[in-house]
Structure formats: C-alpha cells, structure tokens
Amino acid sequence: MRKKLPTASWLCAFEATARHCSMTRAADELNISHSAVSQQIKSLEQYLGANLFSRTPKGIVLSESGRYYMPLVAEAITLLHRGTMTFLASGRRIKLNVAANFSFALLWLIPKLKGFRQTHPNVDVSISSMLWPHEFDGSDAQIKIRYGRGRWSDGAYHKLTDDRLFPVCAPGVAQSIGKIEDLFSQTLIDVTGTPSTWDTWLAAMGLADAPPAVGQVQVNNFSSSMELAKRGHGIALGHETVAHEALASGCLVIPLRSDVISREQYYASVNPNDGSKRIVMEFMTWMGEELKLHHVASQKHAVSSLLGPNLHGVGS
C-alpha cells in the first residue's frame with residue numbers, strides 16, 4: 001500500500017521557511033502564526049524522521065536532509081500551482097466563432113483583430129473564411145459576416161458598411177491615368193459573381209457604351225483583385241473596407257476619384273441560439289467602432305492618394 005503523503009500545509013510551511021530562511025517571514029507569506037509554522041515543520045520532521053533545519057547564531061539554515069528535500073518539494077509546489085492556474089484559466093476562457101466573407105476576413109478583420117484580443121485576453125477567436133455564399137448556410141458560427149444586399153434566409157442581418165467603389169492601382173500604373181478615358185488603355189481587373197464590377201461603375205459614370213479596355217483579368221474575390229493591382233497587373237475596383245490597408249501603406253493609390261455607391265455591403269448576423277450573448281455583443285460593438293474609425297482613416301488616405309505630384313495619386 002502506498003504510504004500517505006505529508007499534508008500540503010506541512011510542505012508549504014517547509015518550502016516557505018527554506019526559501020526565506022525565516023519562520024517569521026514564512027508565517028507572514030502564508031498568513032498564519034509563527035507557532036503554526038513551527039508546529040507544521042516539526043510534524044513534517046517527525047513524519048520524515050529527519051531534522052530539516054539547523055539553528056545557527058545567524059538564524060536557521062537547511063540541514064543536509066533539508067537541502068536534499070527542498071528542491072523536490074519546491075518543484076512539486078510549482079508544478080501544482082501552474083496546473084491549478086491553467087485549470088482555472090481554461091474554465092474562464094470563452095470561445096467566439098466568426099464566419100466571415102473571405103476578403104473581409106483577410107483584408108479587414110485579421111489586420112484589426114489584435115486590438116480586440118488585447119482587450120479580451122480570455123476570448124479564443126475562431127475565424128472561418130467563406131468564399132462562396134452557400135458555405136454560410138451550414139455554419140453554426142456565433143457571428144456571420146457576409147457581402148451582398150442583406151437578404152439571406154439564415155437570419156436577420158445588420159449592415160456594417162457604406163462602402164463606395166473607386167479605381168485603385170499600383171503607383172507606377174497611376175502615372176498614365178489622368179482622366180477616366182485613360183482607363184481603357186489599361187487592363188481592368190474585375191470580380192465576378194458580384195454587381196460591383198467595372199460595367200456597373202462605368203454605367204454610373206455615363207460610360208455604358210465605352211470601348212472595351214485593352215485587357216481584362218477576372219477573379220472571384222476582392223482579395224485577389226487587390227493583390228493583382230498591387231503587383232501592377234492593371235486597375236481594380238476597390239472600396240474602403242478591402243483597400244484600406246494597401247492605401248495606407250502606399251501599395252495602392254487612387255488614380256482618379258470617381259466614387260460609386262456600392263450595391264453590395266458587408267452585413268453581420270448573430271446566432272439567436274448562442275449562449276455567449278455578452279461576448280458576441282462586445283465583439284459586434286468593437287467591430288462597429290473600428291469600422292467607423294476605419295472609414296474616416298480611409299477617407300484621409302483617399303485624399304492623400306489623390307494629392308501626389310501629378311495630382312492623381314502618384315507618389316502617395
């Protein structure tokens with residue numbers, strides 16, 4: 001049969017006394033009396049059949065037996081403390097599952113997420129990036145963020161953005177753009193599967209019958225169109241939410257400012273069956289506040305992008 005271990009109070013009294021070389025300081029740390037510390041150490045010594053301390057003119061010091069036993073007890077107490085803290089922390093952690101439009105997740109949410117996590121260190125955020133609309137239908141995420149017109153059958157959606165469409169391109173490409181007609185001498189990068197296309201933008205500019213551009217590249221998401229534009233492959237249509245980071249860094253500029261209100265926006269819905277209402281609402285509030293700040297900053301970047309040396313975005 002396994003021998004019964006010494007009580008935790010005996011071991012804690014011994015470890016604290018050995019660490020401080022003082023029963024008085026150990027008593028203060030453990031919030032018990034000096035006599036209680038002395039009695040617990042005496043009980044441990046009787047249990048072990050060995051003296052753990054020796055008295056000297058300068059106070060108490062570990063005996064040979066004490067020097068052998070101290071590292072073992074200290075390691076055990078440290079391990080127990082760490083395990084207990086980890087267990088308590090895991091019980092307080094909150095999970096937040098977000099299903100987001102691929103471009104929104106990559107170009108807006110992920111760059112901003114550090115701010116939310118710093119103020120909510122106990123929240124574990126899981127982000128699922130959705131590229132196709134039908135992927136949202138089977139998702140049980142607490143929050144869904146979609147791009148479109150807000151009419152979906154899987155819940156009530158709240159509009160997050162009021163984005164406007166505008167041309168974006170690399171600074172080198174912008175050097176040859178001074179007026180709208182100059183666009184047709186460039187490759188136009190289009191996003192399929194959405195009304196936010198060059199045809200929509202040109203029609204709003206009164207150029208529905210404009211001649212075709214010299215080239216066209218088609219992709220199925222804004223992330224790819226922004227990346228192509230940054231690499232100088234042509235001119236893309238962007239909006240504040242997806243173009244903000246690239247405009248702020250100077251990777252993209254706005255060669256001419258002719259905005260069109262986007263027919264589609266970003267919308268969010270909250271799972272009505274979710275039990276973590278508080279953290280979901282805190283995330284939604286944080287996201288709304290960040291989007292407001294983001295929109296203001298994007299407008300500033302847009303203005304500076306237009307005020308380059310040639311007054312159309314070069315050198316911003």
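Below you will find a few notes about this structure. Since the model is a prediction, treat every value here as computed from it, not as a measurement. (Residues numbered from 1 in each chain as written. Predicted model: local features only at pLDDT ≥ 70, side-chain atom pairs only at ≥ 80, totals over all residues. Heavy atoms only, no water.)

Notes on the overall build of the protein chain
A count of helical and extended segments in the protein chain gives 11 helices and 12 strands. Taken over the C-alpha trace, the protein chain has a radius of gyration of 32 Å; the compact-globule value for 316 residues is 20 Å, which it surpasses by more than 25%. When each of the 316 residues of the protein chain is scored for burial, the buried share is 45%. A separation of at least 24 residues holds for 76% of the contacts in the protein chain among residues at least 6 apart in sequence. Here the protein chain displays about 17100 Å² of accessible surface, and carbon together with sulfur accounts for 54% of that area. Between the averaged position of the 31 positive side-chain charges in the protein chain and that of its 27 negative side-chain charges there is a distance of 11 Å. (Helix = DSSP H or I, 4+ residues; strand = E, 2+ residues; numbered from the N terminus. Rg over C-alpha atoms; globule rule 2.2 N^0.38 Å. Buried < 20%, exposed > 50% of the residue type's maximum accessible area, 1.4 Å probe, protein only. Contact = heavy atoms within 4.5 Å. Areas by Shrake-Rupley, 256 points an atom, 1.4 Å probe, with all protein chains shown as cover. Lys, Arg positive; Asp, Glu negative; His and termini not counted. Charge placed at Lys NZ, Arg CZ, Asp CG, Glu CD.)

Thoughts on the pattern of salt bridges
Enumeration according to the criterion identifies 11 salt bridges in this entry. Of the charged contacts, one joins D162 and K159 as a salt bridge, the two residues approaching to 2.8 Å between their closest N and O atoms. Residue D182 pairs with K179 through a salt bridge whose shortest N-O separation is 3.2 Å. For K179, a relative accessible area of 47% corresponds to the partly exposed category. Within this structure, E15, R19 and E29 form a network of salt bridges that share partners. (Salt bridge = Lys/Arg side-chain N within 4 Å of Asp/Glu carboxyl O.)

Concerning the nonpolar core
Ranked by internal contacts, the top residues of the largest apolar core, which has 41 residues, are L96, I145, V168, F283 and M287. Setting aside its immediate chain neighbours within four residues, M287 contacts F104, W108, I145, L160 and A268. (Core = buried A, V, L, I, M, F, W, Y, C linked by side-chain atoms within 4.5 Å.)

Points about helix 3 (residues 34–48)
Between its first and last C-alpha atoms helix 3 spans 21 Å; for 15 residues at 1.5 Å apiece the expected length is 21 Å, and the two agree. Buried within helix 3 we find V37, Q40, I41, S43, L44 and E45. Positive phi shows up at G49, right after helix 3, with a value of about 70°. (Expected span 1.5 Å × (residues − 1).)

Here's the deal with the environment of L44
Checked against the element boundaries, L44 lands in helix 3. Every residue in contact with L44, bar those within four places of it in the chain, is listed here: P6, W10, L11, F14, L52 and Y69.

Topic: the packing of helix 1 (residues 8–20) against helix 2 (residues 23–30)
At a closest axis distance of 8 Å, the pairing of helix 1 and helix 2 adopts a crossing angle of 125°. It follows from the interaxial angle that helix 1 and helix 2 lie oblique. The two elements helix 1 and helix 2 meet at a crossing, and its hand is right-handed. The residues of helix 2 that touch helix 1, namely those facing C12, A13, A16, T17, R19 and H20, are M23, R25, A26, E29 and L30. (Axes fitted to C-alpha atoms, helices over the stretch in contact; angles between N-to-C directions. Parallel < 35°, antiparallel > 145°, perpendicular 65-115°, else oblique. Left-handed = near helix turned anticlockwise from the far one by under 90°.)

Considering unusual backbone geometry
We note that C21 has phi near 55°; this positive angle belongs to a residue other than glycine. Relative to the elements of secondary structure, C21 occurs in the loop between helix 1 and helix 2. Residue C21 is classed as partly exposed on the basis of its relative accessible area, which comes to 46%. A positive phi angle, near 60°, is found at N31, a position not held by glycine. When you line up the elements, N31 lands in the loop between helix 2 and helix 3.

So, helix 10 (residues 240–249)
Side chains that are three or four residues apart share a direction in an α-helix, a result of its 3.6 residues per turn. Among the 10 residues in helix 10, 7 count as buried, and that is most of the element. If you check which residues of helix 10 are buried, you get E240, T241, V242, A243, H244, A246 and L247. Taken from the residues just after helix 10, G250 is the one with a positive phi, measuring 90°.

Focus: the sheet that holds strand 9 (residues 215–219)
Taken together, 5 strands build an open sheet; the order of strands is 9-8-10-7-11 and the sheet is mixed. With partners counted over all chains shown, the strands left at the sheet margins are strand 9 and strand 11 (260–261), one partner each. The pairing of strand 8 (residues 187–191) with strand 9 spans 5 bridges and is parallel. Considered in strand 9, the bridge of L188 is made with Q216. Running at roughly 140° to strand 10 (residues 235–238), helix 9 (residues 222–230) makes contact with strand 7 (164–168), strand 8, strand 9 and strand 10 of the sheet. Across the sheet, helix 10 touches strand 7 and strand 10, and the angle it forms with strand 7 is around 35°. (Pairing = 2+ DSSP bridges.)

Observations concerning the sheet that holds strand 3 (residues 94–101)
Taking strand neighbours across the sheet as the criterion, the 5 strands line up as 4-3-5-12-6 in an open arrangement whose pairing is mixed. Every interior strand has two partners, whereas the edge strands, strand 4 (123–130) and strand 6 (158–159), have only one. Examined bridge by bridge, strand 3 and strand 4 share 8 bridges and lie parallel to one another. Note on strand 4: the bridge partner recorded for I94 is V123.

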